[in-house]
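# Observations on the three-dimensional arrangement
Here is what each chain is made of, one letter per residue.
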Amino acid sequence: MDSQQSESQPQTFSGTLARPPLMYRQWLLAGNRATFFDTLAKDLGDFVHYRGLFSFYLVNHPSLVKQVLMETHKSFDKNSVIYDRFRNAFGNGLVVAEGDRWRRSRRLMQPLFGPRAVEQYFELMRDSAEQMASRWEPICQAGQVLDVASEMNHVTLQIAGRALFHDSFDEIAPQISHWTHVINLYSAKPPLPIVRSFWFPSRINRQLKQALAEFNAFLQEMIRRRRGNEHSTDLISRLLAARDEDTGEPMSDSEIAEEALGMIIGGHETSSSALAWVWCELDQHPDVRDRLHQELEEVIGDGPLQMEHLEQLVYTRMVIEEAMRLHPPFWFENRNVAEDVELGGVPIAKGSVVVFSRYSLHRHPGFWREPDMFNPERFRPGVEENRRSTYAYVPFGGGPRICIGIHFAMMELVVVLAVLARRFKVMLDESHRHVMAANLTMTPKYGVRARLERRS
Ligand code: HEM
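The rules behind these values
- Residues numbered from 1 in each chain as written.
- Predicted model: local features only at pLDDT ≥ 70, side-chain atom pairs only at ≥ 80, totals over all residues.
- UniProt positions renumbered as here; feature names shortened; annotations may be inferred.
- Helix = DSSP H or I, 4+ residues; strand = E, 2+ residues; numbered from the N terminus.
- Buried ≥ 20, exposed ≤ 12 C-beta atoms within 10 Å, placed from the backbone.
- Pairing = 2+ DSSP bridges.
- Contact = placed C-beta atoms within 7 Å.
- Axes fitted to C-alpha atoms, helices over the stretch in contact; angles between N-to-C directions.
- Near = placed C-beta within 6 Å.
- Nonpolar A, V, L, I, M, F, W, Y, C, P; charged D, E, K, R; others polar.
- Arc of directions from axis to C-beta.

Looking at an unreviewed UniProt entry, one finds the protein chain named Cytochrome P450 and attributed to Blastopirellula marina. Quoted verbatim from the Cofactor (unreviewed entry) heading of the UniProt record, the comment on the protein chain is "heme".

Scanning the protein chain for helices and strands turns up 16 helices and 12 strands. Projected onto the principal axes, the alpha-carbon positions of the protein chain cover approximately 60 × 50 × 45 Å. With 456 residues in all, the protein chain has 42% of them scored as buried.

Time to look at the sheet that holds strand S9 (residues 424–428). Pairing is antiparallel in the open sheet, where three strands are placed in the order S4-S12-S9. At either end of the open sheet lies a strand with only one pairing partner, and these are strand S4 (146–147) and S9. Here helix H11 (residues 253–284) sits on the sheet and contacts S9 and strand S12 (449–454); the angle it forms with S9, its principal contact strand, is near 85 degrees.

The next thing to look at is the site of the ligand. Within the structure, the ligand sits among 22 residues, and Gly267, Thr270, Gly397, Cys403 and Gly405 are positioned closest to it. When residues of the shell around the ligand are traced back to their parent elements, those giving at least two are H11 and helix H16 (406–423). In terms of residue count, the dominant contributor to the shell around the ligand is H11 (seven residues). Here the residues of the shell around the ligand are counted per class, giving 12 nonpolar, seven polar and three charged.

Take the UniProt feature "binding site: heme" (unreviewed entry) in the protein chain next. Feature annotation in UniProt places "binding site: heme" (unreviewed entry) on Cys403, given in this structure's numbering. Examined against the element boundaries, Cys403 turns out to sit in the loop between helix H15 (384–389) and H16.

A positive phi angle is found at Glu370, which is not glycine, with a value near 40 degrees. The topology assignment puts Glu370 in the loop between helix H14 (358–361) and H15. Even without being a glycine, Tyr391 presents a positive backbone phi close to 65 degrees. You can see Tyr391 is positioned in the loop between H15 and H16. Judged by local crowding, Tyr391 falls into the buried class, with 25 C-beta atoms found within 10 Å.

To continue, consider helix H5 (residues 99–109). When H5 is considered as a whole, its buried residues turn out to be Ser105, Leu108 and Met109. Down the axis of H5, the buried set is contained in an arc of 90 degrees. They therefore lie on one face. Along H5, exposed side chains directed more than 90 degrees from the buried face belong to Gly99, Asp100 and Arg103. Elements that come into contact with the buried residues of H5 comprise H11.

Listed below in structure tokens is the structure:
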């Protein structure tokens, strides 16, 4: 296949459905799950009917992914075992909601996340990144090693928390960090029957129930404090003020609490994983790091980062997009087949499960030249548009359920990277181990151990 042509023209899937023997390479699932799906796609092609402990249809072709997310999205929903498990943790917030509840919440929340609406969070993003940079100064001077991955987790949690609760977040940051940690631990476990059922008295189930009870009590208190305070402008207050344009109805307190929980969990782990990989890739590609530093110097100069700098930080954005291609934070997707449907010309019965791995899709050799190579130039404006239309690049999903936080997240990633990389060169320490973990998000398994060098 001519890769130049494949990059500019959306292609229709013309292959066939592979049906491997029962339990084909099932043992690989005990290890890294992204590797398991990648092996299936490499061995068997872009459309696989897998039958084993879990049975599913794997799609690894942009036109099949487009069909699931966009063209025939109504035939697919999130009533799958995996999303049922998320419901134990997220309640019925937007990430897992279906039907009328999803439509109503999306309609109410969409205006709060448009490209202009998220600009109001610029300052708190920059201030959180600046605070981190100040904390890094003595670590840098002492030549100490720090785990940049957990630093990114800290700063993105702070940004999500401050956007939602303004200063109230700082009072309770350690508890929120603990609750989100428990929720993530729970969500990362595979949905095995019985042991993982919510009624089973396992340690993680007990921990989750307690974390959720405490988190919900905190959220209800936040909502109570905001109600009637018309000067408050955090996201909780905006959710309280939102009205359904058809009925004029507000969201209930429990709906607001569920959405806040979803945003804090879904919004910070993903961004922090994207940033962790950016630092790893920059270390491995000094030419890219130099080019990035040059752009930051030219655009920002010696003063603080300003809102108007953002659109000039073209290369910074390209670096982030390329890092999310190779290391998509929310790497795995699954859908329940809600009604009999034809996918890639094959009839698929209601109740089946369709899955895809962004990790494999984003490295598909038919759609990416030298797919494993880190090359931000792929995302130079004008070039990347074509890939997006083919659904070969979907770090934020696509179709009606595309990530509602996409503009918030992209601004956050650019701001944090720009502020920190303007002041520091981050160099991986020799104790750093390059191993990828694919749980709910894709992260460097042993963190990102690095030393800092001060830039002028
Ligand atoms: C780099 C950062 C992020 C990545 C890679 C990411 C990725 C995704 C993806 C792939 C989906 C779609 C899942 C699907 O198809 O079902 C999604 C949905 C969602 N994301 Fe994000 N996300 C990020 C940041 C955020 C942030 C910052 C927020 C909140 C402020 C957020 C809130 C949500 C919500 C509420 C949904 C559900 C949307 C719906 O179903 O209507 N995400 N995200």
